[in-house]
Amino acid sequence: MVSEATGPYFKQVVADDVKNSGSPFTLQYDETTNAQINKQLDIKIRYWSSAQSQVVVHHLQTYLMGHATGRQLAEKIISSIQDNGIAFGQLQMLESDGPNVNKTVWNIVNDALVNLPNRNYGLTDIGTCNLHICHNAFAKGLEMFGSSISEFVIDLHLWFKMSAARREDYELVQEEMGLAKHKFLKHVECRWLSLRPALLRILEQLKGLKKYFLTVLPEKQSSSTSNARYIRIRRQLESKDLVAQIHFLVSVADIFNPFLKFFQTEEPLVHLLYDQLATLLAVLLGRFIRKDLLANKSTRKLSKICLEDVGNHLAYTELERGEQTRQEIKKLSEEKQKKFVLGAKSFLIAATKHLINKLPFDNLILRSSIVLKPDVRSEDWAPKAIRILAKELKVSVDLDNLADEWRIYQLENIPEDWHTQTEEPRKPIRVDHFWRKVDQLKDSSGQRKFPSIMKVVKTALGLGHGNAEVERGFSESGKSVTDDRVRLSEASINGIRATSDGLKAFKGPGSVPITKQLLQLGRSAHAHYVMRLEKERKEKEEAQKQLTVQREQALELEAQKRQLSRENKNLQCKEKESEGKRELSKIAWKLGMPS
């Protein structure tokens, strides 16, 4: 029922909504290895929904794959659009993380769009997932300073995870020292900011850890002290700068975490992305670059500062490393203090350099999309910015008329509660909900006041600001494709995902309208299931036949190669024999003997 009725029903609802909206959409995709040991490609679609009058994100398609080359991924992405009856020409943007294979995907899909009739432009490019870039920036910093702390966190987690007896022994230490009976948190190396909560847990348990590893274990289980992991853990616990390093890494993670947390949501945030990226860069630069070089500088100028030039750096005593870090390094010798500060500075330089090299600070779309913020509509530069945005996004509007509409919009009396909550704390209202109200404004003839502006708005807010939605989808999928359900078919997985996604728009299954289409799909679910199985059986048989033919052709080719090899050897032998006879004839001629 799920794979043949409810899943297809909700998927069709999404496809119809995309078509009815007429607005461009963003596809967000990523691939991972699931419990079936298959490559799982998840594709989500982000667009302005005509049904809900806001930006929505829906599951579009999941593919199970063996190989996942760039070309294969691109073909699946294009198929996900066309197979759902959505116009390929509505595709505005592809969003993914940054591996090289995704560059191939982008190029193939971009070329396919450019070659469409009546379309002479490709994909909108505002860079790859900024969340991944920030994670990787933290990792670049760790390569320069703090990598041993990362290894320490992993070692601690595995030490207790692998043994119930060790956990029980440590709980006794926790009881004795009055420590909370908390477990040590897992740190995932590909998600570097999972390090922060794990480090805070270590600080909470540090006294207990020192007693357990430095006193209890050597006395009660001396055999464990030769364990390589124990030796690494002990070395860190005996290190004099351990606490200072932990506080420094927590302090830097606190710079990145607000940005990463802010952009985890599905609501449209592209209009805030440039400002948030600029703030992140400015905060990092402020930790080690002289203040006079930062004052009154645009983000573009800040990104041009030479980070390696020591003359641009703050003095040793002024370099910001966090207050708790500062207190801890006072306990070190002067020589070790200098070494620590230089290490901390190398972390900041490496992380900041990665951000500058990878983030789209020169991107006109991100810079001009700031104009969509409700509180900047009256700025003198706003009419120019909306024109730039429309031009860069290739929105088919008259640019002069668009600017005139914006000037009228600037004069409009917009209530404050359209964009800001009236109750404390006065938080901003979703920007698409604000523009939904603007879209409802009518002139004296009953026509929409700002049709050109809204065309640009719907296109811009459909752009992605990060790939978190797809990664959350893998977590949802993991609840379905578990170790004891590894035989789930691609159709079943898509049915489960589409149904789960579709139900989010309702208060519960009971509030889903029972339409004629849904009833028809339910009645024919078994028949469709049988037809699908038969189709899959035939496809499998055909694939097996093709494989057999390929094997036979390969065997025949191998046999031909062997035959050619034998013939070649025979020819070589005959040639050598003929050469030998010619040489004998030459010798006989020289000796005056008959050949």
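Residues numbered from 1 in each chain as written. Predicted model: local features only at pLDDT ≥ 70, side-chain atom pairs only at ≥ 80, totals over all residues. Heavy atoms only, no water.

Caption draft 1: The arrangement of the side chain of Thr325 in detail. Following the sequence through the fold, Thr325 ends up in helix α13 (residues 323-329). Beyond its immediate sequence surroundings of up to four residues, Thr325 is in contact with Ala244, His247, Phe248 and Phe340. (Helix = DSSP H or I, 4+ residues; strand = E, 2+ residues; numbered from the N terminus. Contact = heavy atoms within 4.5 Å.)

Caption draft 2: The environment of Gly208, seen in detail. For Gly208, the position within the fold is in helix α7 (residues 195-220). Counting along the chain gives 35 residues from Gly208 to Val173, while the straight-line C-alpha distance between them is 6.2 Å. Those residues in contact with Gly208 that sit more than four places away from it in its chain are Tyr170, Val173, Met177 and Leu179.

Caption draft 3: Local environment of the pattern of salt bridges. Inspection of the entire model under this criterion finds 27 salt bridges. In this structure, Asp42 and Arg497 form a salt bridge, with 2.7 Å as the shortest nitrogen-oxygen distance. Residue Asp42 is found in strand β2 (residues 39-49), and its partner Arg497 is found in helix α21 (residues 490-503); the two are separated by 455 residues along the sequence. Accessibility assignment for this pair places Asp42 and Arg497 in one class, buried. Taking the shortest distance from any N to any O, the salt bridge between Arg300 and Asp362 comes out at 3.2 Å. Of this pair, Arg300 sits in helix α12 (residues 299-302) while Asp362 sits in the loop between α14 (334-358) and α15 (364-368), placing them 62 residues apart in sequence. One salt-bridge network, in which partners are shared between bridges, spans Glu151, Asp155, Arg229 and Arg232. (Salt bridge = Lys/Arg side-chain N within 4 Å of Asp/Glu carboxyl O. Buried < 20%, exposed > 50% of the residue type's maximum accessible area, 1.4 Å probe, protein only.)

Caption draft 4: Highlighting the sheet that holds β2. The 4 strands are arranged β3-β2-β1-β4 in an open sheet whose pairing can be described as mixed. Where the open sheet ends on each side, the last strands, each with one partner, are β3 (54-65) and β4 (91-95). With direction set aside, neighbouring strand axes in the sheet form an average angle of 20 degrees. Across 4 bridges, strand β1 (residues 25-33) lies against β4 in parallel orientation. Considered in β4, the bridge of Phe25 is made with Leu91. (Pairing = 2+ DSSP bridges. Axes fitted to C-alpha atoms, helices over the stretch in contact; angles between N-to-C directions.)

Caption draft 5: Layout of a nonpolar patch on the surface. Taken together, the side chains of Tyr529, Val530 and Leu533 present a nonpolar region at the surface, about 240 Å² in accessible area. Secondary-structure assignment places Tyr529 in helix α23 (residues 525-590). According to the relative accessible area criterion, Tyr529 is partly exposed, its value standing at 35%. (Patch = residues over 30% accessible without salt bridge, like charges linked within 9 Å, V, L, I, M, F, W, Y side chains within 5 Å. Areas by Shrake-Rupley, 256 points an atom, 1.4 Å probe, with all protein chains shown as cover.)

Caption draft 6: Spatial organisation of the packing of helix α10 (residues 270-286) against α14. Running from N to C, α10 and α14 cross one another at 155 degrees; their axes reach a closest spacing of 10 Å. Comparing the axis directions of α10 and α14 gives the class roughly antiparallel. Like other packed secondary-structure pairs, α10 and α14 cross with a definite hand, here left-handed. Where α10 approaches α14, its residues Leu280, Leu281, Leu284 and Leu285 are matched on the opposing element by Leu348, Thr352, Leu355 and Ile356. Within the contact of α10 with α14, the residues separate by chemical class into 7 nonpolar, 1 polar and no charged. (Parallel < 35°, antiparallel > 145°, perpendicular 65-115°, else oblique. Left-handed = near helix turned anticlockwise from the far one by under 90°. Nonpolar A, V, L, I, M, F, W, Y, C, P; charged D, E, K, R; others polar.)

Caption draft 7: Layout of the pairing of β1. Across 9 bridges, β1 lies against β2 in antiparallel orientation. Across the sheet, Thr33 pairs through a bridge with Lys39, a residue of β2.

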